[in-house]
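The chain contents come next:
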Amino acid sequence: MPNWCSTAYAIEGDANELQSLYELMKNLQERKEPSVPNGFGTAWLGCLVDALGEDWEKVFCRGSWYDLEFNGQALTFSTETAWSPCNETLDAVCKKYPSLNYLYRSEEPGMALYYTNDEEGRYFADRFCVEVCTSEEEYYTEYFTDLQSVYEWLEKICDMQIQSQQDVDAIVKRWQKEHADAYCHIHEYQIPD
């Protein structure tokens, strides 16, 4: 069984091409039966690859999309895929619709993989994902644009000053004396080459 990767996409470009892609994806997901037999349903990425005229067996498309929206400027949706984002599928979209380009933010917590190609933060401004389990077994997941905001938020949870990763490590050590599974993971989104 794979680790599941959640990815949010924003696609920009020519309004007519965006509208065409939106209608294609909307029609595929609203079908009673998938256009290509699969185990993911009508919103399987392989159905989209097939509808684009590509061979779904040659494009990594193991997963499906959800929360499809078009606001006239950008087409947004999220995917749940095996192990990594299915950017090959989005590359096939851009091949069919040459004016389009995509930005994404991807999380695969099982392997601690956090990626975004949105360098400017136009759609995905957050640069840090923080996962916490305190000594009282309180669980939090929060997102931040900068490390200073992470530390300020942690100060409120810990009721003590935090200015560095060493301070975070010291708090976790203290928590683990009361609850061995306590943690604080600060994940920074990487920008792929």
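Here, the structure is the one placed above.
First, a word on scope: everything that follows refers to the structure included in this document. (Residues numbered from 1 in each chain as written. Predicted model: local features only at pLDDT ≥ 70, side-chain atom pairs only at ≥ 80, totals over all residues. Heavy atoms only, no water.)

**Considerations on the state of the cysteines**
Counted under the stated rule, the structure contains zero disulfides. Distance from the sulfur of Cys129, which forms no disulfide, to the nearest cysteine sulfur (Cys184) is 10 Å. We classify Cys129 as buried; its relative accessible area is 1%. Between Cys184, a cysteine without a disulfide, and Cys158, which holds the nearest cysteine sulfur, the sulfur-to-sulfur distance is 7.2 Å. (Disulfide = S-S within 2.5 Å. Buried < 20%, exposed > 50% of the residue type's maximum accessible area, 1.4 Å probe, protein only.)

**Here's the deal with the packing of helix α4 (residues 147-158) against helix α5 (residues 165-178)**
When two helices pack together, their arrangement is given by the angle between the helix axes and by the axis-to-axis distance. At a closest axis distance of 11 Å, the pairing of α4 and α5 adopts a crossing angle of 25°. Relative to α5, the element α4 lies roughly parallel. Crossing handedness for the pair α4 and α5: left-handed. Only Gln165, Val168, Ile171, Arg174 and Trp175 of α5 make contact with α4, whose side of the interface consists of Tyr151, Leu154, Ile157 and Cys158. A per-class count over the contact of α4 with α5 returns seven nonpolar, one polar and one charged. (Axes fitted to C-alpha atoms, helices over the stretch in contact; angles between N-to-C directions. Helix = DSSP H or I, 4+ residues; strand = E, 2+ residues; numbered from the N terminus. Parallel < 35°, antiparallel > 145°, perpendicular 65-115°, else oblique. Left-handed = near helix turned anticlockwise from the far one by under 90°. Contact = heavy atoms within 4.5 Å. Nonpolar A, V, L, I, M, F, W, Y, C, P; charged D, E, K, R; others polar.)

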